[in-house]
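Listed below are the residues making up each chain.
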Amino acid sequence: VPLRLEDRKSEMTNNVAKKLVDIIEMKKTNLIVAADVGTKAELLELAEKVGDKICALKLHIDMVNDFDFDLIEQLKQLAQDHNFLIIEDKKFGDIGSTEQAQYRDGVHKIVEWADIVTVHAICGLESLNALEQVAKKHNQGPRGAMLVVQLSCKGNLIDENYTQKALDIAKQSNFVIGVVAQDSFDIPSLITFTPGVNIVDKGDNLGQQYNSPEHVVGKKGADVIIVGRAIYNAKDQSGEAEKYRQIAWDVYNNRNK
Ligand code: 6AU
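The present account deals with the structure reproduced in this document. (Residues numbered from 1 in each chain as written. Predicted model: local features only at pLDDT ≥ 70, side-chain atom pairs only at ≥ 80, totals over all residues. Heavy atoms only, no water.)

### Some thoughts on the site of the ligand
Here's step 1: Taken together, 17 residues sit near the ligand, with Asp36, Lys58, Ser152, Tyr210 and Arg229 positioned nearest.
Here's step 2: Lys58 places a polar side-chain atom, nitrogen or oxygen, 2.8 Å from an oxygen atom of the ligand.
Here's step 3: Note that an oxygen atom of the ligand is positioned 2.8 Å from one of the backbone N or O atoms of Arg229.
Here's step 4: Notes on the ligand: free accessible area 510 Å², of which the protein chains cover 91%.
Here's step 5: Secondary structure elements with two or more residues in the shell around the ligand: β3 (85-92) and β8 (224-227).
Here's step 6: Of the residues that constitute the shell around the ligand, the class distribution is 7 nonpolar, 5 polar and 5 charged. (Near = heavy atom within 4 Å. Polar contact = N/O pair within 3.5 Å; in protein donor to acceptor, adjacent residues only side chain to side chain. Areas by Shrake-Rupley, 256 points an atom, 1.4 Å probe, with all protein chains shown as cover. Helix = DSSP H or I, 4+ residues; strand = E, 2+ residues; numbered from the N terminus. Nonpolar A, V, L, I, M, F, W, Y, C, P; charged D, E, K, R; others polar.)

Structural data, given as structure tokens:
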């Protein structure tokens, strides 16, 4: 059973990691909502409704049909008002040079506003360092990454060997605040984020596999859960977010007793 995040904070070197742990403890929430909606209006409404229940909001910004920088400004304001971090789930996976341009440039200019980005481990430590360089140069505030070391989808190609090597990379980078995974790995400095969480469904018809919050936090040792459709497709998004927050928080609190 992993220790509480606050008891592992001294092992964490990245300021975004510390900030996230502080938010989690203060707001009593280890819930991230995956805001995988297609319009600016839906995204802002969801952020407003779940803002008080979450430690971070995870975006796939390239899904938003009417993206503009007013959306970013409004999201940043909501993040400040409700005290949550913004994650862009870009899953970088290319050579360092390409990743640098994808992080910094283009339509979305991710480095300017995303506290945290997701990165695939497949391209190795130097690709990760390339992203860190961009973050440092831009200096828009503390920046970090979540390294994908396992996947929730059926038939994915990640095996134990890959996961171990990915963890080695995670341990070597101060940019990495934690891992996206289905298991936890007894590395106190890293936060474990687990997607594929749903109370009702066991999966979708496109390969996604779900487990309950009790299972991933209580049995598998996740620190933080990531929940998308179960919350944003609910009629009462705020109420549903509160339900997931409460369950995940209770299990997290009780596992070290
Ligand atoms: O709850 P869902 O199934 O609606 O959404 C799950 C969210 C989606 C996925 O892109 C993401 O979590 N995800 C990830 C992440 C966060 O990187 C990894 C993974 O293995 N499975 C997964 O679903 O936004």
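### Things to note about the sheet that holds β8
Here's step 1: Spatial ordering of the closed barrel is given by β1-β2-β3-β4-β5-β6-β7-β8, a layout of 8 strands whose pairing is parallel. Strand-to-strand twist of the sheet, defined as the mean angle between neighbouring strand axes without regard to direction, takes the value 30 degrees.
Here's step 2: On the sheet, helix α7 (residues 160-172) packs against β5 (144-148) and β6 (176-180) and is oriented at approximately 165 degrees with respect to β5. (Pairing = 2+ DSSP bridges. Axes fitted to C-alpha atoms, helices over the stretch in contact; angles between N-to-C directions. Contact = heavy atoms within 4.5 Å.)

### Description of the pattern of salt bridges
Here's step 1: Within the structure shown, the criterion is met by 20 salt bridges.
Here's step 2: Salt-bridge contacts for Lys91 lead to Asp89; the nearest nitrogen and oxygen are separated by 3.0 Å.
Here's step 3: Residue Lys91 is classed as partly exposed on the basis of its relative accessible area, which comes to 30%. (Salt bridge = Lys/Arg side-chain N within 4 Å of Asp/Glu carboxyl O. Buried < 20%, exposed > 50% of the residue type's maximum accessible area, 1.4 Å probe, protein only.)

### Overview of the environment of Lys76
Here's step 1: Among the structural elements, Lys76 can be located in helix α4 (residues 69-82).
Here's step 2: Residue contacts for Lys76: discarding those within four places in its chain leaves Ile86, Glu112 and Trp113.

### A closer look at the state of the cysteines
Here's step 1: Summed over the entire model, instances satisfying the criterion amount to 0 disulfides.
Here's step 2: Cys153 forms no disulfide, and the closest cysteine sulfur to it belongs to Cys123, at a distance of 17 Å.
Here's step 3: The partly exposed category is assigned to Cys153, whose relative accessible area is 31%. (Disulfide = S-S within 2.5 Å.)

Geometric values such as these leave the question of function open.
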